[in-house]
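If you want the building blocks of each chain, they are given just below.
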Amino acid sequence: MFIVSASLCAVCCPKVCIVGAGPAGFYTAQHLIKSRQDVEVDIYERLPVPFGLVRFGVAPDHPEVKNVINTFTQTAQHSRCSFYGNVNVGTDVSVKELQQAYHAVVLSYGAEGNRRMGVPGEDLAGVHAAKDFVGWYNGLPDNRKVFGLSTILFFILGQGNVALDVARILLSPMDMLKKTDITQPALDLLAESRIRRVLIVGRRGPMQIACTIKEVREMVNLPDTRPEMVAADFKGIAEAVKEVPRPRKRLTELLLKTALDVPTEKEQEKRSKASRVWGFRFFRSPVEVLPAPDLSRAAAIRLAVNRLEGSGEGASAVPTGEVEDVPCGLVISSIGYKSLPIDPLLPFDSRKAIVPNTMGRVQKTAGVYCSGWLKTGPTGVIGTTMNNSFDTARALLEDMDSGALDVSSAKPGSQGVTPLLEKRGVKPVEFSDWEKIDNEEIKRGVAMGKPREKLLSVDEMLHVART
Amino acid sequence: MCHLKNKEKLVHVTLRESSRRAAVISAASLPTQSRATCLQRGFTTSTQPLRSDNKVTVHFINRDGEKITVKGSPGDSLLDVVIDQDLDFDGFGACEGTLACSTCHLIFEEEVYKQLGPVTDEEMDMLDLAYGLTDTSRLGCQICLTKSLEGMVARVPESVSDIRQSGDGSS
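Residue indices follow the written sequence of each chain, beginning from 1 at its first position. To label them, take the chains in the order written and letter them from A, then take the ligands in the order written and number them from 1. Side-chain atom pairs in this predicted model are given and counted only at pLDDT of 80 or more, local residue features only at pLDDT of at least 70, and totals for whole chains, interfaces and linings cover all residues. No hydrogens and no water enter the side-chain calculation; it runs on all heavy atoms of the structure.

Before going further, it helps to examine helix α9 (residues 184-192) of chain A. Residue and element names in this part refer to chain A. A simple rule labels every residue: compare its accessible area, found with a 1.4 Å probe on the protein chains alone, to the largest value its type can have, and call it buried under 20%, exposed over 50%, or partly exposed in between. Put simply, DSSP H or I for four residues or longer makes a helix, DSSP E for two residues or longer makes a strand, and each gets a number counted from the N terminus. Among all positions in α9, only A186, L187 and L190 are buried. All buried residues of α9 fall inside an arc of 100° around its axis, so they share one side. Where α9 is buried, its residues contact α6 (130-137), α7 (161-171) and α8 (174-177). Taking the helix axis as origin, the arc is that swept by the directions to the C-beta atoms. Note on definitions: a residue-residue contact is assigned when non-hydrogen atoms from the two residues lie within 4.5 Å.

Shown next as structure tokens:
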């Protein structure tokens, strides 16, 4: 009589490896585990801590959006799911090695890079990517650089929700921010900042603005601030808004009201007492960042004035030939995140900055899939990523069922990877280790009256994880 | 917003609780926030032990077109019902009833929709982001059951994935 159970389990257990422990990774894992009782999922993450942009992207004053962490935690604690933090796929282990160890690999590592403006002066001191600014106030270890906030005027180029998050955090009263999980160094710097005016600039018009109404409403309601718009930017809008779908209509009506309507007595009082100003500027594209006389930093921004060709969502901005030079000390470019290739052997579309795929199946690469922003580009809220990830999981499951993905022979899974990591001196952080970090952050937060006080360096995270 | 502090506290508590729970995979999570919504809106709920005649029958039509009939209590939100009855709607209620997503989007018949009461700006703002928005759409976490809604039908609309067929994977 011989014992077959162990080898049988190895044969019948499809093993899937997911690269990236953000929403895309977790939602893909969740769907796989739920759909098949034999699938085992291992999630690899570069940082010692999970959750990706839910932790490092969502604004500190939007804690409800972070509730998804609860469902991700349940997934990570499932018996058929394992988390391996502090493992950098691409440098600590190659995708090829993962393909050898697992039946399928799902790339869900998101977008770590920035879309460049492509204008002269872009690399001057004082010009920053919104992603780096957000990473800074959210405690991303890669973004510990301190930002100088001593200028009065801030330009934010781009009008998506990230741009509005940045504006709102810059202008929020301290007594609101200090109760959030914003990092203490960011809070201290913001408390000292001299920022008085934030302008959020877009290439096109009010009816093409990329942000959503909730974020605009938050700006309108922000204490101790007043809006400042250019009435001429809204010419013809009141007429045009009548025929558009409800979401665009309501957003445009809020913009119109904020820009043009005579304020109520209460609102007028708020505006007259406000110490800070915010506004949208439309029909402007950056063409150059102009340096200070000593060439050390940004001193002004040159903006091309546009007109609109066409209407609605597809309208395009066409330069008129006119330019404006506006003095400013700080420019934040919020024109999009960008995915980066992690392995030269994998296909990558540099133009779209995504991994080329069909319904989540990476092209020309059997057994490799992708989900999240890496699959479709860096737009969309968590809900969008959720559906996107469920899609990829369904494609993978379909392939298992049809035989397109061969799960008949045993694969070692993590047992094929951990010896390699050990040899290379890489010690993974398990989910229970993350829980130690989590507890430590919450404990530190209690002392500060905040939900948590985040650990800011990988070293500190590893130290707590190993204790 | 004025409720931010309470919500933060609830989120904190919720996270701690969930990490002690046995692992149950469900795309929707705890109903704590959702019930708070119905109570905050001043809805009168019975504090007596529930009797079977105090229940409200709700029919859900899932994404496969199947009708699922369950019962809830007056004062429960539709999100509460989905969670309490373990209804398996993929990704439903991601933000746990805090008006930070649109995944509890439900579609109603005209007659029922009219009975559901006014929509706040806050709900409308999130509803505007829902895929397949209709004139009789609401967010399930904001609909509170009453006896007068007995027998109501709520349809779970398709999510983006069911419709999108992009060949090259780009959006």
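There is more to say, and it comes next.
In terms of residue burial, α6(A) counts as a mostly covered element, since seven of its eight residues are buried. Along α6(A), the residues classified as buried are A130(A), K131(A), F133(A), V134(A), G135(A), W136(A) and Y137(A).

Our next topic: the side chain of T258(A). Residue and element names in this part refer to chain A. For T258, the position within the fold is in helix α12 (residues 246-260). Overall, T258 belongs to the buried group, its relative accessible area being 7%. Whenever two N or O atoms come within 3.5 Å, that pair is a polar contact, provided that in protein one can donate a hydrogen and the other can accept it, and provided that, for residues adjacent in sequence, both atoms are side-chain atoms. Among the polar contacts listed, one links the side chain of T258 to the backbone oxygen of L254, at a separation of 2.7 Å. With residues near it in sequence (within four places) discarded, T258 still touches V220, P227, M229, R271 and W278.

Put simply, a salt bridge is a Lys or Arg side-chain nitrogen that is within 4 Å of an Asp or Glu carboxyl oxygen. The full count for this structure, using the stated rule, is 45 salt bridges over all chains. A salt bridge links D181(A) to K66(A), with the shortest nitrogen-to-oxygen separation between them at 3.0 Å. Placement of D181(A) in the loop between α8 and α9 and of K66(A) in the loop between α3 (52-56) and α4 (68-76) is noted, with a sequence separation of 115 residues between them. The exposure classification of D181(A) matches that of K66(A), with both residues buried. One salt bridge in this structure joins R168(A) and E218(A), with 3.4 Å as the shortest N-O distance. Pair noted here: R168(A) is in helix α7 and E218(A) is in helix α10 (residues 213-220), with a separation of 50 residues, a long-range link. In this structure R168(A) comes out as buried when scored by relative accessible area, which is 2%. What you see here is one network of salt bridges that share partners, running through R217(A), R246(A), R250(A), D121(B), D125(B) and D128(B).

All names here are of chain A. Counting 50 residues, the largest nonpolar core has V16, V41 and L396 as its most contacted members. A per-element tally of this core places helix α15 (residues 382-402) first, with seven residues. Those residues in contact with V41, other than ones at most four positions away along the chain, are V16, I18, A29, L32, I33, R80, C81 and S82. Core analysis: the second largest hydrophobic core is formed by 49 residues, F147, L170, I200 and Y337 among them. In plain words, nonpolar cores are sets of buried Ala, Val, Leu, Ile, Met, Phe, Trp, Tyr and Cys residues tied together by side-chain atoms within 4.5 Å.

Moving on, we get to the UniProt feature "binding site: FAD" (unreviewed entry) in chain A. Residue and element names in this part refer to chain A. UniProt positions are given in the numbering used here, feature names are shortened, and annotations may be inferred rather than shown by experiment. As annotated in UniProt, the feature "binding site: FAD" (unreviewed entry) corresponds to A24, E45, L53, V89, W373, G380, V381 and I382 in the numbering used here. A maximum C-alpha distance of 25.1 Å among these annotated residues, which run over 359 residues, shows that they spread across the structure rather than meeting at one spot. For L53, the position within the fold is in helix α3. Apart from residues no more than four positions distant in its own chain, L53 is found in contact with P23, V58, Y337 and W373. With respect to the helices and strands, the residue V381 is situated in the loop between α14 (373-376) and α15.

So, on to the UniProt feature "domain: FAD/NAD(P)-binding" (unreviewed entry) in chain A. Per the UniProt record, "domain: FAD/NAD(P)-binding" (unreviewed entry) is found at residues 15-170 of chain A. In residues 15-170 of chain A, helix accounts for 33% and strand for 18%; the two terminal C-alpha atoms are 45 Å from one another.

Another point: the sheet that holds strand β8 (residues 197-201) of chain A. Residue and element names in this part refer to chain A. For two strands to be treated as a pair, DSSP must find no fewer than two bridges joining them. The sheet built from six strands is open, its strands ordered β6-β14-β7-β8-β10-β9 with parallel pairing. Whereas interior strands pair on both sides, the edge strands pair on one side only; in this sheet they are β6 (127-129) and β9 (225-227). Averaged over all pairs of adjacent strands, the angle between strand axes in this sheet comes to 20°, irrespective of strand direction. Relative to strand β14 (residues 330-333), β6 runs parallel, the two sharing three bridges. Interaxial angles span 0 to 180 degrees and are taken between N-to-C directions of axes, which are lines fitted to C-alpha atoms, for helices over the stretch in contact.

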